[in-house]
Amino acid sequence: MNTISPSDIARLERLVQDARKIALTAHMRPDGDAVGSCTALYHCLTDMGKDAVIVFPDPSPDYLGFITGTIDKGRLTDFESDPQGTAEAFSGCDLIFSLDYNAFHRCGKMEQTLAESTAKKVLIDHHLNPDRDLFDLVFSETGTSSTAEYLYHILLMTHRYGGDAKKLPAAAAAALLTGMTTDTNNFANSVFPSTLRMASSLLEAGVDRDSIIGHLYHEYREGRIRLMGELLSRNMKITRDGVAYIVLDRQTMEKYGLKEGDTEGFVNIPLSIGRVRMSCLFKEDEDRIRVSLRSKKGVSANRCAALYFNGGGHELAAGGKLAVPEDVKSIRDVAGYAERVTHDFMNNRENM
Ligand SMILES: [Mn+2]
């Protein structure tokens, strides 16, 4: 992680001090890092006496209810459920935080409302290629496990917390540890020395990690595990280039009674096979196919997502989409498309 500039911290403190109303935002289909970061910052701002609200593009998934449950009533909304209220939240605030995304289009249908707001904007994020021009202040760092970790280090540099994790509100500390835990897949990837320092300080500050792990990894629906079994035994294909891919249609999702967020982490599993160098999960959505990519060192998931799947993200973990019918005619054509483009990708030395 690069050193965080004290002058940026001073600017951040001034922006917060001058703001009356503050809105916190994250990307579409917010994950543990997005929800954890927003919730943590919400508690810190509230702790400072600020009027803060969280606005997601769409609802936070049920499995993160143990985090969002700490937010005061009426302080968490989303554009999909309440477009009017969201627009009012943006027009009425004077500072907006963008957490865990690098450009407004990552907020989907909320993009325009966000872009039109005249509020000052601060980015705190760990994805590649941030759209710096959109923001008044940019904290962007790819050498960190998660936005939650990065936010933790930023918060600790402020006068308010002065390097002492014990001063963080308890709900903020737990939300930060949750965000880092999900983004590292429970310390399996993107763990830096700074990540372990953060975890260590948060445990010392009294965060109940066992309870977080229980919520995150021991409360799945039965359907998730049964679907995982079906996908791995019947659906997963491995190409001769070492690319594993799984195509998941809506019918199968419905058969197992699964909802948004229930397939979180599936894409990581094929990477545990020795000859697999990249794993792709294709999930049918209303008018598109959503794509998740994970790769091992030496193969750039980010580049593959950018070249063939209208997306990007991190070097070894990226996402994207295929438009129907522009990119593929239907879900049935995804396997053919995946085989073809990943073969091209894996055989072009520039991509390695
Ligand atoms: Mn993240």
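See the structure printed just above.
How each quantity is defined
- Residues numbered from 1 in each chain as written.
- Predicted model: local features only at pLDDT ≥ 70, side-chain atom pairs only at ≥ 80, totals over all residues.
- Heavy atoms only, no water.
- Helix = DSSP H or I, 4+ residues; strand = E, 2+ residues; numbered from the N terminus.
- Buried < 20%, exposed > 50% of the residue type's maximum accessible area, 1.4 Å probe, protein only.
- Pairing = 2+ DSSP bridges.
- 1 Å grid on protein atoms, 1.4 Å probe; cavity = no way out; pocket = protein on both sides within 12 Å on 5 of 7 lines; lining within 4 Å.
- Points joined across faces, edges and corners; volume = space filled by probe spheres on them.
- Nonpolar A, V, L, I, M, F, W, Y, C, P; charged D, E, K, R; others polar.
- Axes fitted to C-alpha atoms, helices over the stretch in contact; angles between N-to-C directions.
- Contact = heavy atoms within 4.5 Å.
- Donors = N, O, S within 2.8 Å, 3.2 Å for Na, K, Ca; no water.
- Expected span 1.5 Å × (residues − 1).
- Arc of directions from axis to C-beta.
- Phe/Tyr/Trp six-rings, centres within 6.5 Å; stacked < 30°, edge-to-face > 60°.
- Lys NZ or Arg CZ within 6 Å of the ring centre and 35° of its normal.

Student: Would you mind showing me how to read unusual backbone geometry here?
Tutor: If a residue is not glycine, its phi is most likely negative; likewise, a peptide bond is most likely trans. In this structure, the amide linkage connecting V324 to the following residue, P325, adopts the cis form with an omega of 10°. The backbone of S190 sits at a positive phi, close to 55°, despite the residue not being glycine. With respect to the secondary-structure elements, S190 resides in the loop between α7 (170-183) and α8 (193-204).

Student: Mind showing me how you'd approach the pairing of strand β5 (residues 120-125) here?
Tutor: Regular strands place side chains that alternate from one sheet face to the opposite one. Judged by how many residues are buried, β5 sits mostly within the fold: 5 of 6 residues are covered. As paired strands, strand β4 (residues 95-99) and β5 are joined by 5 bridges and run parallel to one another. Looking at the pairing, S98 lines up with L123 of β5. The pairing of β5 with strand β6 (residues 137-140) spans 4 bridges and is classified as parallel. Counterpart to I124 in the pairing with β6 is F139.

Student: Where do I start with the layout of surface pockets in this structure?
Tutor: Rolled over the atoms, a probe with the dimensions of a water molecule shows which regions are left empty. Approximately 290 Å³ is the volume attributed to the second largest pocket. For the second largest pocket, the lining is made up of 16 residues, of which L12, E13, V16, Q17 and M48 are closest to its centre. At the level of elements, α1 (6-18), α2 (32-47) and α6 (147-157) are the ones that each hand at least two residues to the lining of the second largest pocket. The element best represented in the lining of the second largest pocket is α1, accounting for 4 residues. Along the lines of polarity and charge, the residues of the lining of the second largest pocket split into 10 nonpolar, 3 polar and 3 charged.

Student: Even after reading the chapter, I still don't get the sheet that holds β6, so can you show me in this structure?
Tutor: Sheet strands pair via backbone hydrogen bonds, and the direction of the pair is either parallel or antiparallel. The strand order across the open sheet built from 6 strands is β3-β2-β1-β4-β5-β6, with neighbouring strands paired in parallel fashion. A single partner strand is all that each edge strand has here, and the edge strands are β3 (76-78) and β6. When strand polarity is set aside, the average angle formed by the axes of neighbouring strands in this sheet is 20°. Across the sheet, α1 is in contact with β1 (21-25), β4, β5 and β6; its angle to β6 comes to roughly 125°.

Student: Explain the coordination of the manganese ion here, please?
Tutor: Tetrahedral coordination by four donors puts the ideal angle at the metal at 109.5 degrees, and octahedral coordination by six puts it at 90 or 180 degrees. Within the protein, the atoms that donate to the manganese ion are D33 (OD), D100 (OD), H126 (NE2) and D183 (OD), at distances of 2.2 to 2.4 Å. Each donor residue of the manganese ion belongs to the same chain, with the gaps between them written as D-x66-D-x25-H-x56-D. Placement of D33 in helix α2 and of D100 in the loop between β4 and α5 (111-116) is noted, with a sequence separation of 67 residues between them. D100 shares its class with D33; the two are buried.

Student: How should I be thinking about the sheet that holds strand β12 (residues 317-323) in this particular structure?
Tutor: Judged by pairing direction, the sheet is mixed, and its 6 strands sit side by side in the order β7-β8-β9-β10-β12-β11 without closing on themselves. Each having just a single partner strand, β7 (237-238) and β11 (312-313) make up the two edges of the open sheet. Judged from the 7 bridges that link them, strand β10 (residues 288-295) and β12 form a sheet pairing that is antiparallel. Bridge pairing in β12 places L293 opposite A318.

Student: When you look at α1 in this model, what are you seeing that I'm missing?
Tutor: Each full turn of the α-helix corresponds to 3.6 residues, which orients residues three or four apart in the same direction. Compared with the 18 Å implied by 1.5 Å per residue over 13 residues, the 18 Å span of α1 between its first and last C-alpha is a close match. Buried within α1 we find D8, I9, L12, L15 and V16. The arc that holds the buried residues of α1, viewed along the axis, is 120°, so those residues lie on one side. Away from its buried face, by an angle of more than 90 degrees, α1 presents the exposed residues P6, Q17 and D18. On the buried face of α1, the contacting elements are β1, α2, β4, β5, β6 and α6.

Student: What is the right way to look at the packing of aromatic side chains in this model?
Tutor: The tally for this structure, following the rule as stated, stands at 4 aromatic pairs. Plain terms: the ring middles of F104 and F135 are 5.5 Å apart, the flat faces sit at 70° to each other, and that makes the pair edge-to-face. Of this pair, F104 sits in the loop between β4 and α5 while F135 sits in the loop between β5 and β6; the two residues are 31 residues apart in sequence, bridging distant segments of the chain. On the basis of relative accessible area, F104 is assigned to the buried category, the value being 5%. Take F135: its relative accessible area is 9%, and that puts it in the buried class. Taking 6.4 Å as the distance between ring centres and 90° as the angle between the ring planes, the aromatic pair formed by Y308 and F345 counts as edge-to-face. Taken together, the residues Y308 in helix α12 (residues 301-308) and F345 in helix α13 (residues 334-346) connect sequence positions 37 residues apart. Among the aromatic residues, those joined into a ring-pair cluster are F282, F309 and Y337. In this structure, R224 is placed above the aromatic ring of Y220, and the distance from its NZ or CZ to the ring centre is 3.9 Å.

Just distances and angles here, no functional claims.
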